[in-house]
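Secondary and tertiary structure notes
Letter by letter, the chains look like this.
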Amino acid sequence: MTMKKIIAILIASFSFSGLYAQEIITDRPDQTEASSVVPLKSLQIESGLLLQFNDNSLGKSRNIAAPNNLLRYGITKWFELRVVSQFESNAFNNIKSEGMSDLEIGTKIQLLRKSNINTEIALLSHLIVPTGTESLTNDSYGVISRFCISHVINESSSVGYNIGYNYRGGNKGDITYTLAYGLSVTDKVGLYLEPYGEITDLKIHEASLDAGVTYLLKPTIQLDFSFGLGINHKMNYLSTGISWLIVRK
């Protein structure tokens with residue numbers, strides 16, 4: 001099995017697309033954002049469905065995001081433009097709300113990618129714009145930022161991790177972290193396991209774990225399925241999706 005094929009099917013966070021001929025590299029289904037940008041003048045569409053349940057001292061909630069969409073466009077070889085939008089249907093203690101969530105507009109910038117090393121680094125930043133439905137909007141501007149780093153371990157496995165800070169207004173912000181291990185099973189199938197978490201308002205730590213599988217339908221089309229659960233809090237989710245890379249010839 002060639003390294004090119006192995007890297008192409010690794011989960012988004014573990015890819016080193018700059019070293020090999022481009023095949024699809026996604027930011028889903030795991031929580032870890034990829035350390036690479038999409039090709040120049042190419043559009044990548046990543047869309048999926050998420051079903052999540054939470055249970056805490058305030059009550060029980062159910063969230064459906066369908067579809068959740070990420071659009072990525074390569075402005076240069078080192079810079080991509082990103083737009084995130086999703087429709088949500090939520091229920092909290094039997095009080096239901098639905099509509100569009102706040103729009104996110106952002107970029108990912110390639111900071112390190114060289115052919116003689118097995119490490120990639122990128123910086124991701126999104127501006128949250130309060131455009132959502134009245135019952136779902138945060139009603140203020142916010143920022144999501146992450147450093148995205150990945151390393152090849154060997155010909156069949158790789159690791160990626162993120163460290164970030166989110167500010168949505170009204171508190172001190174949240175520290176986020178992810179650590180994902182990916183394994184190629186065949187030329188088309190990849191698996192991952194990922195602990196991740198968030199320190200909300202810089203004081204409340206919620207740790208979680210997820211896992212999933214990707215299937216490379218074509219070099220530019222990827223299917224995925226994932227599930228997750230809370231470690232020190234009551235949460236579980238299921239997600240499935242499809243990603244499509246449209247390369248300009």
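The text that follows walks through the structure, step by step, so that each part is easy to find. What you see is a predicted model; the values in this text were computed from it and never measured.

1. Topic: the overall build of the protein chain
For the protein chain, the count of helices and strands is one helix and 13 strands. Moving toward the C terminus, one meets the helices and strands of the protein chain in the order α-β-β-β-β-β-β-β-β-β-β-β-β-β. Here the protein chain has a C-alpha radius of gyration of 18 Å; the compact-globule value for 249 residues is 18 Å, and the two agree. Along the three orthogonal principal directions, the C-alpha set of the protein chain runs to about 50 × 35 × 30 Å. Residues counted as buried form 46% of the 249 residues belonging to the protein chain. Pairs at least 24 apart in sequence give 51% of the contacts found in the protein chain among residues at least 6 apart. Counting every atom, the protein chain has about 12,200 Å² of accessible surface; 63% of that belongs to carbon and sulfur. On the protein chain, the mean spot of the 22 positive side-chain charges and the mean spot of the 23 negative ones are 7 Å from each other.

2. So, a nonpolar patch on the surface
Together, Ile153, Tyr181, Leu183, Val185 and Leu191 make up a nonpolar patch on the protein surface, roughly 420 Å² of accessible area in all. For Val185, the location among the structural elements is in the loop between β9 (174-184) and β10 (189-200). On the accessibility criterion, Val185 (46% relative accessible area) is partly exposed.

3. Some details on the pairing of strand β7 (residues 142-154)
Where strand β6 (residues 119-129) and β7 come together, 10 bridges link them in antiparallel fashion. Counterpart to Ile121 in the pairing with β7 is Ile149. The hairpin formed by β7 and strand β8 (residues 157-167) contains two residues between the paired strands.

4. Overview of the nonpolar core
Judged by nonpolar contacts, Leu50, Ala65, Tyr192, Tyr196, Met235 and Tyr237 together constitute the single largest core of six residues. When residues of this core are traced back to their parent elements, those giving at least two are β10 and β13 (234-246). The contacts of Met235, once residues within four sequence positions are left out, are Gln52, Phe53, Asn54, Tyr196, Ser208, Gly228, Leu229 and Gly230.

5. Overview of the environment of Ala65
Residue placement: Ala65 occurs in strand β2 (residues 59-76). Through-space distance from the C-alpha of Ala65 to that of Leu49 is 5.7 Å; in sequence the pair is 16 residues apart. Setting aside residues no more than four positions away along its own chain, Ala65 makes contact with Gly48, Leu49, Leu50, Gln86 and Phe87.

6. Remarks on the environment of Lys77
Within the secondary structure, Lys77 sits in the loop between β2 and β3 (79-92). What makes Lys77 exposed here is its relative accessible area of 56%. Expressed as a C-alpha distance, the spacing of Lys77 and Asn94, which sit 17 residues apart in the sequence, is 48 Å. Look past the residues within four positions of Lys77 in its chain and what remains in contact with it is Val37, Leu40 and Arg113.

7. Looking at the pairing of β9
Burial along β9 is one-sided: the residues Asp174, Thr176, Thr178, Ala180, Gly182 and Ser184 are buried and none of Ile175, Tyr177, Leu179, Tyr181 and Leu183 is. Bridge count between β8 and β9: 10 bridges; the pairing is antiparallel. Bridge pairing links Gly164 to Thr176 in β9. Looking at chain direction, β9 and β10 are connected through eight bridges and run antiparallel. In the strand pairing of β10, Leu183 is matched with Leu191. Joining the antiparallel neighbours β9 and β10 is a turn of four residues.

8. Observations concerning the side chain of Asn166
Residue position: Asn166 is located in strand β8. Residues contacting Asn166, with those up to four places away along its chain left out, are Val143, Ile144, Ser145, Gly173, Asp174, Thr176 and Glu198.

So, how was this worked out
Residues numbered from 1 in each chain as written. Predicted model: local features only at pLDDT ≥ 70, side-chain atom pairs only at ≥ 80, totals over all residues. Heavy atoms only, no water. Helix = DSSP H or I, 4+ residues; strand = E, 2+ residues; numbered from the N terminus. Rg over C-alpha atoms; globule rule 2.2 N^0.38 Å. Buried < 20%, exposed > 50% of the residue type's maximum accessible area, 1.4 Å probe, protein only. Contact = heavy atoms within 4.5 Å. Areas by Shrake-Rupley, 256 points an atom, 1.4 Å probe, with all protein chains shown as cover. Lys, Arg positive; Asp, Glu negative; His and termini not counted. Charge placed at Lys NZ, Arg CZ, Asp CG, Glu CD. Patch = residues over 30% accessible without salt bridge, like charges linked within 9 Å, V, L, I, M, F, W, Y side chains within 5 Å. Salt bridge = Lys/Arg side-chain N within 4 Å of Asp/Glu carboxyl O. Pairing = 2+ DSSP bridges. Core = buried A, V, L, I, M, F, W, Y, C linked by side-chain atoms within 4.5 Å.

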